[in-house]
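Chain residues, written in single-letter form:
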Amino acid sequence: MGELIFQPSPRELVPNTNNMSSVEYDCIVIGAGVQGSFTAYQLAKRNKKTLLLEQFVLPHTRGSSHGQTRIIRKAYEQDFYTQMMDECYKLWSQLEREAGVTLYRQTGLLVMGPEHSDSYLLYKNTMERNNVPMVILTPENFSQHIPNVILAEGDGALVDINAGVLYADRALKTVQGQFQKLGGVIRDKEKVTDITPGPVVTVSTSAGVYRAKSLVITAGPWANKLLAHIGLQLPLEVQKINVCYWKEKVPGTYDVKKRFPCFLLTEGEESDRHIYGLPSNEYPGLVKICYHIGGETDPDHRDKQTDRSDIGILQRFVARCFPGLIPEPAVVESCMYTLTPDSHFVLDCHPAYSNIVFGAGFSGHGFKFGPIIGKLLCELSLGEVPSYDLSPFRIRRFQGNTKSAL
Ligand SMILES: Cc1cc2nc3c(=O)[nH]c(=O)nc-3n(C[C@H](O)[C@H](O)[C@H](O)COP(=O)(O)OP(=O)(O)OC[C@H]3O[C@@H](n4cnc5c(N)ncnc54)[C@H](O)[C@@H]3O)c2cc1C
Ligand SMILES: O=C(O)[C@@H]1CCCCN1
């Protein structure tokens, strides 16, 4: 039997005798990361009797959704992400109001990249086309707006004004709490060990057996391990990311309270371009600056992956562009990305069992979309037409890459 992390409401006290739950759920969601938690919450909002299963004791730091902060932004290269963020910002603030908590803090996002490069221009043009409020900085006025950062020679810079920081751990706790308030059931410390498809899906865990009309799989880096039970494997690569924090020489220089922005370097051929950062917030005096590529890992053996070749790249970047930081990481934590070949998400139904849907491959940028992913997976699991065009996210784009044992 899993532990409940919040006060149980009456519906959470479901009987589970002889390892077989007598309750049939409308939906079971596997994985209580950001995507599964928002999906469960959306289902409960639609009055669906929902069970959220999690293999670890909540909260935990072994997947992709832990830590204090994530970037929220509209700045993207593709219209479809920028456009989804419109509603997503509204859903985040709706959740804030509903729960009476602050989950978002506006800081702006500084985007830097070679002014005439494809990637930088894609960001700029997508934002202009979609009327995203932004400011373009010139090399002349850059340091006046962003002191203590050196803009590289030839780089353009723009700021996505409404971007900012999401308080990730707090967001997860909040959405899980709201789900429970709506009568949803969370069972943590229950690893799913088997799935039997059918008009009623049967899910076996380390502690019991549950049945539901539909199933949503949001297992993060473990997606393929779960999908193997239903004969599906996706072209996903799991990477361990070294989450590095750098000490300010003068405390407060890059602080969130001073509205120091989040930043990212746009893509390019050079290895030192895959860098992003967030203002100092969770550890006073420490700024989070990370490399966007990690070493491949098995999620069950994350800590065996000890590749730190990114640290040298980050040190050189910090020394060159952030003169107010000591170019030696003060803290290094771990997190995992689950990457698709095109870095776009996977949101789809099982090709043979339409009552099994999955969200996977969030490729290191899925947190901000949690509320919309939850809504879309909820719609798919109810057999409804999804609110957005899902063609960029369907598995058929992988064609030969998708191994189906069916
Ligand atoms: C370092 C880092 C920085 C990032 N920065 C940003 C950012 O700035 N902005 C942004 O939008 N996104 C960002 N992301 C991406 C974002 O955090 C992820 O896309 C998102 O957290 C993925 O959530 P998930 O629910 O898919 O996966 P997870 O959070 O991993 O959730 C999956 C859950 O399923 C559970 N599970 C797996 N197998 C089983 C099983 N058999 N039985 C029961 N439970 C199971 C796992 O234990 C886990 O809790 C970042 C990610 C990392 C790692
Ligand atoms: O999703 C984001 O906004 C960030 C961008 C930089 C890499 C990590 N994820």
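Residues numbered from 1 in each chain as written. Chains lettered and ligands numbered in written order. Predicted model: local features only at pLDDT ≥ 70, side-chain atom pairs only at ≥ 80, totals over all residues. Heavy atoms only, no water.

A word on the sheet that holds strand S8 (residues 164-167)
Logical step 1: The 3 strands lie next to each other as S3-S8-S4, forming an open sheet whose pairing is antiparallel. Each end of this open sheet is capped by a strand with a single partner; those strands are strand S3 (69-72) and strand S4 (104-106). Between one strand axis and the next, the sheet turns through 30° on average, direction left out of account.
Logical step 2: Contacts from helix H2 (residues 79-99) reach S3, S4 and S8, with the element oriented near 140° to S3.
Logical step 3: In the packing of helix H5 (residues 168-181) onto the sheet, contacts are made with S3 and S8, and the angle to S8 comes to roughly 50°. (Pairing = 2+ DSSP bridges. Helix = DSSP H or I, 4+ residues; strand = E, 2+ residues; numbered from the N terminus. Axes fitted to C-alpha atoms, helices over the stretch in contact; angles between N-to-C directions. Contact = heavy atoms within 4.5 Å.)

Details of the packing of aromatic side chains
Logical step 1: Throughout the structure, instances matching the rule amount to 22 aromatic pairs.
Logical step 2: Between Trp92 and Phe367, the aromatic rings sit 6.2 Å apart at their centres with planes inclined by 10°, giving stacked as the arrangement. With Trp92 in helix H2 and Phe367 in the loop between strand S21 (356-360) and helix H8 (370-381), this residue pair connects regions lying 275 residues apart in the sequence. Here Trp92 matches Phe367 in class, with each residue buried.
Logical step 3: Seen in terms of ring centroids, Phe345 and Phe369 are 5.3 Å apart; in terms of plane orientation they differ by 70°. Their pairing is edge-to-face. Pair noted here: Phe345 is in the loop between strand S19 (325-339) and strand S20 (346-349) and Phe369 is in the loop between S21 and H8, with a separation of 24 residues, a long-range link.
Logical step 4: Assessed through its relative accessible area of 0%, Phe345 is described here as buried.
Logical step 5: Residue Phe369 is classed as buried on the basis of its relative accessible area, which comes to 0%.
Logical step 6: Three or more aromatic residues joined by ring pairs make a cluster, and in this case those are Tyr76, Phe80, Tyr81, Phe345, Phe362, Phe369 and Phe393.
Logical step 7: Across from the ring centre of Tyr76, 4.0 Å away, lies the NZ or CZ of Arg73, which sits over that ring. (Phe/Tyr/Trp six-rings, centres within 6.5 Å; stacked < 30°, edge-to-face > 60°. Buried < 20%, exposed > 50% of the residue type's maximum accessible area, 1.4 Å probe, protein only. Lys NZ or Arg CZ within 6 Å of the ring centre and 35° of its normal.)

Side note on the packing of helix H1 (residues 34-45) against H2
Logical step 1: Between H1 and H2, whose axes approach to 14 Å, the crossing angle comes to 70°. Classified by the angle between their axes, H1 and H2 sit roughly perpendicular to one another. Note that H1 runs across H2; the crossing there is left-handed. The segment H1 lies against H2, with Phe38, Tyr41 and Lys45 engaging Trp92, Gln94, Leu95 and Glu98.
Logical step 2: A breakdown of the residues in the contact of H1 with H2 according to their chemical character gives 4 nonpolar, 1 polar and 2 charged. (Parallel < 35°, antiparallel > 145°, perpendicular 65-115°, else oblique. Left-handed = near helix turned anticlockwise from the far one by under 90°. Nonpolar A, V, L, I, M, F, W, Y, C, P; charged D, E, K, R; others polar.)

Considering the site of ligand 2
Logical step 1: Surveying the vicinity of ligand 2 reveals the residues Ile71, Arg73, Tyr276, His292, Tyr337, Gly364, His365 and Lys368.
Logical step 2: With respect to ligand 2, the side chain of Arg73 contributes an N or O atom lying 2.7 Å from an oxygen atom.
Logical step 3: At 2.6 Å from an oxygen atom of ligand 2 is found a side-chain nitrogen or oxygen belonging to Lys368.
Logical step 4: Within the complex, the protein chains bury 90% of what would otherwise be the 260 Å² of accessible surface of ligand 2. (Near = heavy atom within 4 Å. Polar contact = N/O pair within 3.5 Å; in protein donor to acceptor, adjacent residues only side chain to side chain. Areas by Shrake-Rupley, 256 points an atom, 1.4 Å probe, with all protein chains shown as cover.)

That's the geometry; what it means functionally is another story.
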